[in-house]
Amino acid sequence: MRRGALSRKNVAPVAGPKVAVIGAGSWGTTFGKILADGGASVVMWARRPELAAEITESKRNSRYLSGINLPRTMTATTDLAEAIRGAEQIYLSVPSQSLRENLAAIKPFVEHTDVPIVSLMKGVEKSTGLRMSQVIEQVLACDPARIAVASGPNLALEIAREQPTAAVISSLSPETAEAVARRARNRYFRSFVNTDVIGTEFGGVLKNLIAVAIGIVDGVGYGENTKASIITRGLVEMTDFAVAQGAQPETLQGLAGLGDLIATCQSPLSRNNTAGRLLGQGYGYKEVVAQMQQTAEGLASVAPVLQLAKQVGVDMPIVQQVKMVLDGTMDPRDIAPHLTTDDDQPQGERTRNDQTGGGGALRRALQRAFDQFRHGGRGASRD
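What you are looking at is a predicted structure, and each value in this text was computed from that prediction instead of being measured.

Side note on the overall build of the protein chain
Then step 1. Each helix and strand in the protein chain was counted, giving 16 helices and 11 strands.
Then step 2. If you sum the accessible surface of the protein chain, you get close to 17000 Å²; carbon and sulfur atoms cover 47% of it.

In structure tokens:
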């Protein structure tokens, strides 16, 4: 070896731009790994000192990502100021129902900056019905152009194992979305961009509710026909609701809608699917919550979503039946929202926004998702 040269394995990784990830659960840690593998220097904020020490010293998070080695450019701290100081982007990955109190603690460190704030959460605040980006804007009193949201078919453990996937980064500001998308990409993870924050967020919220329904029928023991029917009608339900809230229908046919719906409904790694399966097996709501080691956001979002749907006059039979199972007023074996109609008169198959036909919207949605994955190697692309 040439004098003065260093062995490659002894070369310390080059410290890239600092980013902060607030929340060290499975998804927060996984996204930290995505960012670190993309060249960033990542500082995680963890509530528990022992978890922060494990991430920093052992490059592991054994509780939430067992068996996964974390990059050397990832560290963690219990000090919010230390985590945020000097970060060029801040990612939030805390339970949706505790976001408001976490933001109150963060506010003093970000209120005089223009650093982008990125939501990794998929929930609706129960007390207000607000989306996560709305809670961020309200509590931090910041320009909404600073806020971005990330969503897509993103099961944490699969990504932590570096299995290829994609996501959507959405912001009212194209510049913010593209800056975040450039940071959140590496050899196994690609980010697309759009400006439909409403559709991107509601896609992530609503697919959780459909996944709970799929888990219920799975727990009962029903087969693929039942699940395929609910998934298909669930996409219509998601689209109707989101469009009524101001979303673009195309967003629900992309990664944040259809893509996330497929991944969450079919995978045993999905917390919402697991929660539904326990309900289908006869466990009550409180028993399910007690058994879940991590938060299943869909359970908390059922009531506020139904309230929002009522306000805009959208019928959501799947979500309504999930609520009935949660409330104990429906036997899980009776869940069959695709069979519910106002009367026995045959109805047209409405596939999107009151359109009828032979499934053309769904076919276009599948083709769109396929095209997005196929062209994912071109960097930050339009969703």
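Some remarks on the packing of aromatic side chains
Then step 1. If you walk through the whole model with that rule in mind, you get four aromatic pairs.
Then step 2. An angle of 80 degrees between the planes, with centres 5.4 Å apart, marks the rings of W27 and F31 as edge-to-face. Residue W27 and its partner F31 are located together in helix 1 (residues 26-37), separated by four residues, close to a single helical turn.
Then step 3. A ring pair is formed by F31 and F189, whose centres lie 5.9 Å apart and whose planes are at 80 degrees; its orientation type is edge-to-face. Linking F31 in helix 1 with F189 in strand 8 (residues 189-194), this pair joins segments that are 158 residues apart in sequence. The same class applies to F31 as to F189, namely buried.
Then step 4. Among the aromatic residues, ring-to-ring pairing joins W27, F31, Y91 and F189 into one connected group.

Some thoughts on the pairing of strand 8
Two faces make up the sheet, and in a regular strand the side chains alternate between them.
Then step 1. With six of six residues buried, strand 8 is to be regarded as a mostly interior element.
Then step 2. Neither face of strand 8 is exposed, since F189, S191 and V193 on one face and R190, F192 and N194 on the opposite face are all buried.
Then step 3. Relative to strand 8, strand 7 (residues 165-170) runs parallel, the two being bridged by six bridges. Directly across from S170, in strand 8, lies its bridge partner N194.
Then step 4. Between the parallel elements strand 7 and strand 8, the chain passes through helix 7 (residues 174-183) in a crossover that is right-handed.

Some thoughts on the side chain of S191
Then step 1. Within the secondary structure, S191 sits in strand 8.
Then step 2. Judged by its relative accessible area of 1%, S191 is buried.
Then step 3. Side-chain polar atoms of S191 contact the backbone oxygen of A184, separated by 2.6 Å.

Digging into the environment of E57
Then step 1. With respect to the helices and strands, the residue E57 is situated in helix 2 (residues 49-58).
Then step 2. Residue E57 is classed as exposed on the basis of its relative accessible area of 66%.
Then step 3. Between the C-alpha atom of E57 and that of M74, which follows or precedes it by 17 residues, the distance is 9.8 Å.

A closer look at the confidence of the model for the protein chain
Then step 1. Averaged over every residue, the pLDDT of the protein chain is 86; the share at 70 or more is 82%.
Then step 2. Under a pLDDT of 50 for its full length, residues 355-362 has, in the predicted model, 14 contacts with residues more than four places off or in other chains.
Then step 3. Counting interchain partners and residues more than four positions distant, the pLDDT-below-50 stretch residues 372-382 has 25 contacts.

Side note on unusual backbone geometry
Then step 1. Its identity is not glycine, yet K59 carries a phi of approximately 55 degrees, on the positive side.
Then step 2. Inspection of the secondary structure assignment puts K59 in the loop between helix 2 and strand 3 (74-77).
Then step 3. Even without being a glycine, A141 presents a positive backbone phi close to 50 degrees.
Then step 4. With respect to the helices and strands, the residue A141 is situated in the loop between helix 5 (132-140) and strand 6 (147-151).

Structural notes on the packing of helix 4 (residues 99-110) against helix 5
Then step 1. One can describe the packing of helix 4 onto helix 5 by two numbers: an axis separation of 9 Å at closest approach and a directional angle of 45 degrees. On the basis of their axis angle, the class for helix 4 and helix 5 is oblique. Crossing of helix 4 against helix 5: the hand is right-handed. Along its contact with helix 4, which presents L99, R100, L103, A104, K107 and V110, the element helix 5 presents M132, V135, I136, Q138, V139 and L140.
Then step 2. Of the residues contributing to the contact of helix 4 with helix 5, the split by class is nine nonpolar, one polar and two charged.

Thoughts on the pattern of salt bridges
Then step 1. The full count for this structure, using the stated rule, is 12 salt bridges.
Then step 2. The partner of R48 in a salt bridge is E50, with the nearest N and O atoms 2.9 Å apart.
Then step 3. For E50, a relative accessible area of 49% translates into the label partly exposed.
Then step 4. The partner of D260 in a salt bridge is K207, with the nearest N and O atoms 3.7 Å apart. Highlighted residues: D260 in helix 11 (residues 255-266) and K207 in helix 8 (residues 197-220), separated in sequence by 53 residues.
Then step 5. For D260, a relative accessible area of 2% gives the class buried.
Then step 6. Under the relative-accessibility criterion, K207 is labelled buried at 6%.
Then step 7. Taken together, the salt bridges that share partners define one network made up of K33, D37, E162 and R187.

Definitions and limits used
Residues numbered from 1 in each chain as written. Predicted model: local features only at pLDDT ≥ 70, side-chain atom pairs only at ≥ 80, totals over all residues. Heavy atoms only, no water. Helix = DSSP H or I, 4+ residues; strand = E, 2+ residues; numbered from the N terminus. Areas by Shrake-Rupley, 256 points an atom, 1.4 Å probe, with all protein chains shown as cover. Phe/Tyr/Trp six-rings, centres within 6.5 Å; stacked < 30°, edge-to-face > 60°. Buried < 20%, exposed > 50% of the residue type's maximum accessible area, 1.4 Å probe, protein only. Pairing = 2+ DSSP bridges. Right-handed = clockwise from strand over helix to strand, strands pointing away. Polar contact = N/O pair within 3.5 Å; in protein donor to acceptor, adjacent residues only side chain to side chain. pLDDT = per-residue confidence, 0-100. Contact = heavy atoms within 4.5 Å. Axes fitted to C-alpha atoms, helices over the stretch in contact; angles between N-to-C directions. Parallel < 35°, antiparallel > 145°, perpendicular 65-115°, else oblique. Left-handed = near helix turned anticlockwise from the far one by under 90°. Nonpolar A, V, L, I, M, F, W, Y, C, P; charged D, E, K, R; others polar. Salt bridge = Lys/Arg side-chain N within 4 Å of Asp/Glu carboxyl O.

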